[in-house]
Amino acid sequence: MAAVSSWNLVFAQPSKEKRPPSSSLSWARSFPSKSHLPGGAAPTAGRAASLAVLSLLGAKPTVLVTEKLGDAGLDLLRDFANVDCSYNLSPEELCTKISLCDALIVRSGTKVSREVFESSGGRLKVVGRAGVGIDNVDVAAATEHGCVVVNAPTANTIAAAEHGIALLASMARNIAQADASVKAGKWQRNKYVGVSLVGKTLAIMGFGKVGSEVARRAKGLGMLVIAHDPYAPADRARAIGVEMVSFDEAISTADFISLHMPLTPATSKMLNDDTFAKMKKGVRIVNVARGGVIDEEALLRALASGIVAQAALDVFTEEPPPQDSRLVQHENVTVTPHLGASTTEAQEGVAIEIADAVIGALKGELAATAVNAPMVPAEVISELAPYVDLAEKLGRLAIQLVAGGSGIKSVKVGYASARGPDDLDTRLLRAMVTKGLIEPISSVFVNLVNADFTAKQRGLRITEERIMLDGSPENALEYIQVQIANVESKFASAMSESGEIRVEGKVKDGKPHLTMVGSFGVDVSLEGSLILCRQIDQPGMIGKVGSILGQENVNVNYMSVGRTAPGKQAIMTIGVDEEPCREALMAIGEIPAIEEFVFLKL
Ligand SMILES: NC(=O)C1=CN([C@@H]2O[C@H](COP(=O)(O)OP(=O)(O)OC[C@H]3O[C@@H](n4cnc5c(N)ncnc54)[C@H](O)[C@@H]3O)[C@@H](O)[C@H]2O)C=CC1
Ligand SMILES: O=C(O)C(=O)COP(=O)(O)O
């Protein structure tokens, strides 16, 4: 059966019957069966029995809260559960306590590692992240241990945006430095002359929930706001008077740059020596997103050379940063200790949002903000399980083929099947394609519950098409096709004759395979990562690329060549286990017969 590791399949159906407060039996029923969990972590008979005993005794579940949570949320939790607020636990203390808890609520300061799930002895059922980013939670380990992870993605948006604006203004006017100087008994009016915001260009990098709210506020300050977000619809930006531009245009024309993208493999160290070199001398940078989007050593170099005049940072690669951090101590850098979400109002909102989600999850219901737990009927899962991984991977491939700046609006998913139109429930597959399309570019986690809502919220229209095949419907599906319309591709050969980015795949021997890119037939197993090359068809190409990858110790797991006609163009697809370094990719691009190539992460 195809791996379903990133999608924790939960068999629970919402029940209308009233349950006792702890509803533990519903949990015992709603855990995934062993065969559907990659780690094989199904509830043991002992666990189910202990949950049943808990329910029979009418015992309240125990919720451990390890970081400050708003009172309104704590009150909601106390009506339903025993609440243990233990702040500042060491990792060892957390591991000791967790075996006595049914749910855990954290913010960004608690590392919920694999050891936490292992130490829980199977009792921990829910982890609630009172905020957006869940980079401090080992979601894969949670999934393997049958533990649902929920977050609170909307209640702190405004707080983060306001903090971005606060940092922008205080940086421009040296508020923090001047404050420290006056308190030290000095009166340095000439030293702390600032710069004005009005009429200056602000580039918003990442035009999502927080980025768009920062843009609105900066317009009110009289700034000229531009934005870069390869995936946000341009009309949403236009509606508030913001122009969407390319990455290079944004960073090279801005006087101020404010970062609001999620930390993903694609955004990691997005501001680095190369990108700082393209910026206007004297640029000022605000980061309330995640520390990892900036190469901090490169930022120090850019501050030293004067490319960056000032920076204001709320987030750091390592939190808290080391006490002797040169960035923190730098006189042109303003810092706050990850305060973006820390307003009374946001924390009350987040606390209520997370309390509701955790209580719902403890009852066996599933919140729309569940990160790893969609609710799918068992019959649909068993039939479509082999295609689940394929659907997500096709979505992931398709979005990575979009050229920056295009903005995506319209995606068509085609299901080729000999089944009658009413005989195939495609909700799970559509959700998986949506998950593949949205997760690589966003901090949102997509599941069956929130997939359609999330797509709609992002202005993404996903339509489905049945491709009718003749013959007996032995398999539920022959192949799945994903097409993105009205965009340009960073790999021109991925465009179909009718002008969409098109990828197509099927399940072979239980494994997802890519079978078509644009109008080229290919054949590669969708595991690890992928290099696609368009080349002039000629002997020796596989050897040339293979030896570059070999020198870099990159293991090739699959290779295939599909061509239009001998000696004409061919598409070479190469599956690799490791990510080749930049130099190796550049060396591949420099092979004369290669006309274009792209590296895609699955
Ligand atoms: N400092 C703090 O306390 C807080 C920090 N955050 C962080 O702020 C960030 C944004 O959060 P939201 O706006 O809620 O997320 P969101 O998902 O609504 O927006 C993120 C946007 O970034 C865009 N994006 C993805 N890849 C990109 C790329 N390569 N270049 C440019 N844009 C790209 C996406 O298309 C999306 O529009 C996240 O990293 C989140 O963790 C959020 C709340 C509080
Ligand atoms: O919600 C987020 O992503 C944040 O960064 C806020 O973190 P916090 O809850 O304040 O530790």
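Residues numbered from 1 in each chain as written. Chains lettered and ligands numbered in written order. Predicted model: local features only at pLDDT ≥ 70, side-chain atom pairs only at ≥ 80, totals over all residues. Heavy atoms only, no water.

Things to note about the overall build of the protein
The cut-off we apply is this: Counting from the N terminus, the helices are the DSSP runs of H or I reaching at least four residues and the strands are the DSSP runs of E reaching at least two. Residue burial is assigned from relative accessible area. The probe radius is 1.4 Å, only protein chains are included, and a residue is buried under 20% of its type maximum, exposed over 50%, and partly exposed in between. Any two residues having at least one pair of non-hydrogen atoms within 4.5 Å are treated as being in contact. Residue burial considers only the protein chains on display, and all accessible areas are found by Shrake-Rupley using a 1.4 Å probe.
Counting its secondary structure elements, the protein contains 20 helices and 22 strands. A burial count over the protein gives 53% of its 602 residues as buried. Taking all contacts inside the protein whose residues are at least 6 apart in sequence as the whole, residues at least 24 apart take part in 67%. Accessible area for the protein stands at about 25,500 Å²; split by element, carbon and sulfur atoms hold 52% of it.

Brief notes about the sheet that holds strand 1 (residues 62-65)
Within a beta sheet, neighbouring strands are joined by backbone hydrogen bonds and run either parallel or antiparallel to one another. Spelled out, the test is: Strands pair, by our definition, only if DSSP identifies at least two bridges between them. In this analysis an axis means a line fitted to C-alpha atoms, helices contributing only their contacting stretch, and an angle means the value between N-to-C directions, from 0 to 180 degrees.
Ordered by their spatial adjacency, five strands build an open sheet running 2-1-3-4-5, and the pairing between neighbours is parallel. This sheet does not close on itself; its edge strands, each paired only once, are strand 2 (82-85) and strand 5 (148-151). Geometrically, the sheet is characterised by an average inter-axis angle of 20 degrees between neighbouring strands, direction not taken into account. By the bridge criterion, three bridges tie strand 1 to strand 3 (residues 103-106) in an arrangement that is parallel. Residue pairing for strand 3: V65 is matched across the bridge by I105.

Things to note about the nonpolar core
Our working definition: Buried Ala, Val, Leu, Ile, Met, Phe, Trp, Tyr and Cys residues that are joined via side-chain atoms within 4.5 Å together make up what is termed a nonpolar core.
Core analysis: the largest hydrophobic core is formed by 52 residues, its most contacted members being L401, L437, I480, I484 and L514. No other element matches helix 16 (residues 378-400), which puts nine residues into this core. Grouped together as the second largest cluster of nonpolar side chains are 30 residues, M270, I285, L303 and L327 included.

Some details on the packing of helix 7 (residues 157-172) against helix 9 (residues 209-220)
Our working rule: Reported orientations rely on four angle classes, namely roughly parallel under 35 degrees, roughly antiparallel over 145, roughly perpendicular from 65 to 115, and oblique for the rest. What makes a crossing left-handed is the near helix being turned counterclockwise from the far one by less than a right angle; a clockwise turn instead makes it right-handed. Charged residues are taken to be Asp, Glu, Lys and Arg, nonpolar residues to be Ala, Val, Leu, Ile, Met, Phe, Trp, Tyr, Cys and Pro, and polar residues to be all remaining types, Gly included.
Put simply, helix 7 and helix 9 touch, their axes get as near as 8 Å, and they point 50 degrees apart. Regarding the angle of helix 7 to helix 9, the classification is oblique. Handedness of the helix 7/helix 9 crossing: right-handed. Between helix 7, through T157, I158, A160, A161, E162 and I165, and helix 9, the contact on the second element is made entirely by K209, V210, E213, V214, R217 and A218. For the contact of helix 7 with helix 9, a count of residues per class yields seven nonpolar, one polar and four charged.

Description of the site of ligand 1
Note the threshold: A cutoff of 4 Å decides nearness: a residue is near a molecule or strand if any of its heavy atoms lies inside that distance of it. Under this definition, polar contacts are N or O atom pairs within 3.5 Å; protein pairs additionally need one hydrogen-donor-capable and one acceptor-capable atom, and for neighbouring residues in sequence, both atoms have to be side-chain atoms.
The immediate surroundings of ligand 1 are formed by 29 residues, with K209, V210, D229, I441 and S443 found nearest. Interatomic distance of 3.4 Å between a backbone N/O atom of G208 and an oxygen atom of ligand 1. Measuring from an oxygen atom of ligand 1, one finds a side-chain N or O atom of S442 at 3.3 Å. Compared with its free state, where it exposes 860 Å², ligand 1 has 96% of that area covered by protein. A per-class count over the shell around ligand 1 returns 14 nonpolar, ten polar and five charged.

Some words on the packing of helix 3 (residues 71-80) against helix 15 (residues 344-362)
Between helix 3 and helix 15, the shortest axis-to-axis distance is 7 Å and the interhelical angle comes to 20 degrees. Relative to helix 15, the element helix 3 is oriented roughly parallel. Every pair of crossing elements has a handedness; the one defined by helix 3 and helix 15 is right-handed. Residue-level contacts link D71, A72, G73, L76, L77 and F80 of helix 3 to E348, A351, I352, A355, D356, V358, I359 and L362 of helix 15.

Focus on the sheet that holds strand 17 (residues 511-517)
Spatially, the six strands line up as an open sheet ordered 14-13-15-16-17-18, and their pairing is mixed. Either end of the sheet is taken by a strand with one partner, and the two such strands are strand 14 (461-468) and strand 18 (520-525). Each strand axis lies, on average, 20 degrees off the axis of its neighbour in the sheet, ignoring direction. Inspection of the sheet shows strand 13 (residues 410-417) paired to strand 15 (residues 479-485) by seven bridges, in the antiparallel sense. In the strand pairing of strand 15, G414 is matched with Q481.

Let's talk about the site of ligand 2
In the vicinity of ligand 2, the contacting residues are R107, S108, R129, A130, G131, V132, G133, N156, R290, H338 and A341. Here an oxygen atom of ligand 2 and a side-chain polar atom of R129 are 2.8 Å apart. In the model, an oxygen atom of ligand 2 is placed 2.6 Å from a nitrogen or oxygen of the H338 side chain. For ligand 2, whose unbound accessible area comes to 320 Å², protein coverage reaches 91%. Split by residue class, the shell around ligand 2 holds three nonpolar, five polar and three charged.

With respect to the pattern of salt bridges
Formally: We define a salt bridge as a contact between a side-chain nitrogen of Lys or Arg and a carboxyl oxygen of Asp or Glu at a distance within 4 Å.
According to the stated counting rule, one finds 28 salt bridges in the structure shown. Among the ionic pairs, K183 bridges to D179, the shortest N-O distance being 3.0 Å. Here the residue K183 and the residue D179 both occupy positions in helix 8 (residues 175-183), the gap between them amounting to four residues, near one helical turn. The exposed category is assigned to K183, whose relative accessible area is 68%. For D179, a relative accessible area of 38% gives the class partly exposed. The network of salt bridges with shared partners includes D102, R123 and K125.

Observations regarding the confidence of the model for the protein
What counts, and what does not: Per-residue confidence from the predictor is given as pLDDT, running between 0 and 100.
Residues of the protein with pLDDT of at least 70 account for 87%, and the chain-wide mean is 85. Low pLDDT, under 50, characterises residues 1-57; the stretch is placed with 108 contacts to residues that sit more than four places away or in other chains. Listed scores for the predicted complex are pTM 0.71 and ipTM 0.99.

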